[in-house]
Amino acid sequence: MLNKYFININKLLRTIIVVLILVLSLQACKSTRHIPDDKFLLNKVEIKSDKNINIDEIKNYINPKLNRKVIGFFRFHLYTFNAVNRGKDRKWKKKIEEIVGEEPVLYDEYLIEKSTKQIKQHLINKGFFNAYVGDSTIYKTKKANVVFKIKLNNPFTVTSIKYYIEDYNLKPIIIEDSNNSLIKINRNYDADILEKERIRITNLLKIKGYYYFSKEYIYFEIDSNEQKKNVTINVGIKKAQRQIYDQTTIKQNHKKYKIRNIYVNTNYNLKDILQKNTKYFESLDTSFVKNIYFIKTENSKINFSVIAPLIDLEYKSVYNLDDVKSTIKHIQSLQLYKLVNIVFAEPKNIEDGFIDCEIQLTPFSKQSYTLEMEGTNSSGNFGAAGNLLYRNKSLFNGAEILELKLRSALEMQTIIDKNSESNNVVEYLPFNTKEYGGESKITLPRFFFPFVQKKFVKKYHPKTVVSALYNFQQRPDYTRVLTNWSFGYKWKSSKNISHFVNPVVISSVKLRSMSIDFLKSFSNPYIRESYTDHLISVSNYSFIYSNNVINKKKNFVYFRSNLESAGNILQIANKKLENELTNDYYTFFNNRYAQYVKSDFDFRYTNFINKHSNYAYRLFLGIGYPYGNLNALPFEKQYFSGGANSIRAWQVRTLGPGSYIDTLQVPIQASDIKIETNLEYRFNLFWIVEGAWFLDIGNIWSINKADDRLDSEFKFNKFYREFAVGSGVGARLDFSFFVFRLDLGVKVVEPQAPINKRIIMSNRKYNTSDFQLNFGIGYPF
């Protein structure tokens, strides 16, 4: 039986982890094994300061770096190096050393002294001109522990800012904007702030038309008073320098530029330019659209009127760096061009103070076909799928993106083995769930709305999205058909903020068949009603904030909120038309429609400790309230818990609601409220292998009085005692384009148990049903 197979995997994984730690610890715990007699292992580095200070910043200046630690204390890589370097040399040992091992980091007196000087300089840059930094080393059993002692003393503060501007044209611009200066009176002197101020002033002048101005024209002079512990900062701005015919250099005021001609090449190809040279330019022709010259080539197939509104640069307007950035952003949002480059040049023999602009656009291929094979993980059920995708990035030569997808999938649905000794043991039947269907979506670079605000469109360039979907699902429990049609808009209000508005989303769920065992499990009429045929007419809004930078290990926040309302328009229409009720409810095209409101919030924060490890946090809150035409939330709109992306110690849809005990043990539990929080510590082990430790806390609850599942209702005086707690360890294989994940969860607190017996380890022995092995694609959050 496959359930026994997975139980054995659980035991095997636990055994391997324990044995691996024990073997490496016992054989290699002597971390100084391979250190020469006259050398010492750099064992510990400690920073002691008389005042609060940013320790992480100080650590950046300390070298050498300590050997890596896993879970904060275990030197896995060093121990592995020591273990494989015992005994005779073997090829397999060398391979393990290359992939996993890490040589011991030795104490280096020269580097420690250099680190002390760098820390001192860092503190001076932060205004602590009289700071003391010293180091001491304690030697013990071939190990060296280094302590950096820091005495900050009083910092120097900024008491005055003076400006010395040689160019009288720049002086009013800078003085009028001085309130926005990053240098503040009565704040500590900070050299990093001065550098940021140089960049700010440079960008300010580039916004005001000074195209050739650069930060090298800005300098700072610091006048310090040792007795009063303060500084006066003199901000100087030099005139521009120009070389004349006799090789001498003269100073002159910086020039302010206006834009003369704007040229757009929608099929820029540097290779053709280099190969054809003058012939390439002779073959070009231009079209004049809205004061912009569009360069026509043989392969120019885009409607120029689509590009023109995206260009914020204007004929005879003052050069503005912000307009350049927004133009690039707007054109990139079309997803037509892999390269967007804007260059400026002074035209020859033309009135002084003008520059020409050329926008160089290198397009992607217009059409593409993709065949995808993928592993899937749908709420803890493992499977495989194939997708055939077609994409046309300019269907009618107007940047309309058409996407077509055909999908077929097989899934290994879990079924409770009721004949097993434990009711929680599941049986994994291979590929007993089938799915196929198609999806089409077209994204239009225009805002189709009856009351169009020109300022809004000009600033954000929203897009209209129309999609349709058909999906057939055959599962052991039931067979159903899902259809969906939506019309909506999307736009970005800033670099990190996205908005999605769908005024109309119509979904239909038709149940073709249902197994007898599945029908018998519906002892609760509330659950039974959520599985009926129904229609959903939805309006929704989603807000997403994310400051994640791809391929950069930098702390980031992700926040998503959804607000959804269904059925109200149809309800009003039926009442206005005085339509008759059918079995105490209204229908639309003979389909009963759902009526509810729903909202949820998903907050995530990833904190990188260093380049090898990070903490990931997640908080999810969601609530849905059914009313009117359907007494229950449709099953696909309900919240559930458990599985590979939720509380991983429970099988999907077996947890909750509340402290309800499901005597039938059918994984269909879902409800109206969900609260969940997760913590995960992720660390690199070797090669593409990552490890993880996680803690999951949460549950679901009902809010509807029609739900008569015992102890399932959300109540303020007891919900906090019904949180399920699960923990565990995981391994991940990061192949860059996808992550394969394996998590072993174990129950810690079980809300279904009597209130004084919910902490498992304090009240009973663990059994196989308390462990859950999860396969996943991608990180859980």
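Remember, predicted model here, so these are calculated numbers, not experimental data.

Novice: Tell me what's going on with the pattern of salt bridges, and back it up with residues and numbers.
Specialist: Per the counting criterion, the structure on display carries 35 salt bridges. Measuring nitrogen to oxygen at the nearest pair gives 3.2 Å for the salt bridge that ties Glu-564 to Lys-637. Here Glu-564 is found in strand S24 (residues 556-566), whereas its partner Lys-637 is found in the loop between strand S28 (613-626) and strand S29 (673-686), with 73 residues between them in sequence. When its relative accessible area of 13% is taken as the criterion, Glu-564 is described as buried. Between Glu-680 and Arg-648 there is a salt bridge whose closest N-O contact spans 2.7 Å. Separated by 32 residues along the polypeptide, Glu-680 in strand S29 and Arg-648 in the loop between S28 and S29 bring together distant segments of the chain. Classification of Arg-648 as buried rests on a relative accessible area of 0%. Connected through salt bridges with shared partners, the residues Arg-560, Asp-600, Asp-602, Arg-604, Arg-618, Lys-674 and Glu-676 form a single ionic network.

Novice: Could you give an account of the packing of aromatic side chains, with specific residues and numbers?
Specialist: All told, the structure shown has 40 aromatic pairs when counted by the stated rule. Pairing Tyr-681 with Phe-683 gives two aromatic rings, centres 5.2 Å apart and planes at 35 degrees, and the pair type is tilted. Residue Tyr-681 shares its accessibility class with Phe-683, and that shared class is buried. Taking 5.6 Å as the distance between ring centres and 90 degrees as the angle between the ring planes, the aromatic pair formed by Trp-701 and Phe-723 counts as edge-to-face. A residue pair is termed long-range when its members are at least 10 positions apart, and Trp-701 in strand S30 (residues 689-701) and Phe-723 in the loop between S30 and strand S31 (724-734) qualify at 22 residues. An aromatic cluster of three or more residues is present, and its members are Phe-447, Phe-456, Tyr-460, Phe-487, Tyr-489 and Trp-491. Positioned above the aromatic ring of Phe-640 is the side chain of Arg-653, whose terminal nitrogen or guanidinium carbon lies 4.0 Å from the ring centre. In this structure, Lys-674 packs its charged tip against the face of Phe-640, placed 5.8 Å from the ring centre.

Novice: How would you summarise the side chain of Ser-727 if you had to cite specific residues and measurements?
Specialist: Locating Ser-727 in the fold gives a position in strand S31. Looking at Ser-727, its side chain comes within polar contact range of the side chain of Trp-693, at 3.4 Å. Non-local contacts of Ser-727, meaning those with residues more than four positions away in its chain, are made with Trp-693, Phe-694, Leu-695, Leu-744, Gly-745, Val-746 and Val-748.

Novice: I'd like a rundown of the sheet that holds strand S1 (residues 41-49), residues and numbers included.
Specialist: In space, the three strands of this open sheet follow the order S1-S3-S2, with mixed pairing throughout. Of all strands in the sheet, those bounded by a partner on one side alone are S1 and strand S2 (132-140). Here the strands of the sheet are splayed against their neighbours by 20 degrees on average, with no regard to which way each runs. Note: S2 against strand S3 (residues 143-151), nine bridges, orientation antiparallel. Residue pairing across strands places Lys-140 opposite Lys-143, the latter belonging to S3.

Conventions used here
- Residues numbered from 1 in each chain as written.
- Predicted model: local features only at pLDDT ≥ 70, side-chain atom pairs only at ≥ 80, totals over all residues.
- Heavy atoms only, no water.
- Salt bridge = Lys/Arg side-chain N within 4 Å of Asp/Glu carboxyl O.
- Helix = DSSP H or I, 4+ residues; strand = E, 2+ residues; numbered from the N terminus.
- Buried < 20%, exposed > 50% of the residue type's maximum accessible area, 1.4 Å probe, protein only.
- Phe/Tyr/Trp six-rings, centres within 6.5 Å; stacked < 30°, edge-to-face > 60°.
- Lys NZ or Arg CZ within 6 Å of the ring centre and 35° of its normal.
- Polar contact = N/O pair within 3.5 Å; in protein donor to acceptor, adjacent residues only side chain to side chain.
- Contact = heavy atoms within 4.5 Å.
- Pairing = 2+ DSSP bridges.
- Axes fitted to C-alpha atoms, helices over the stretch in contact; angles between N-to-C directions.

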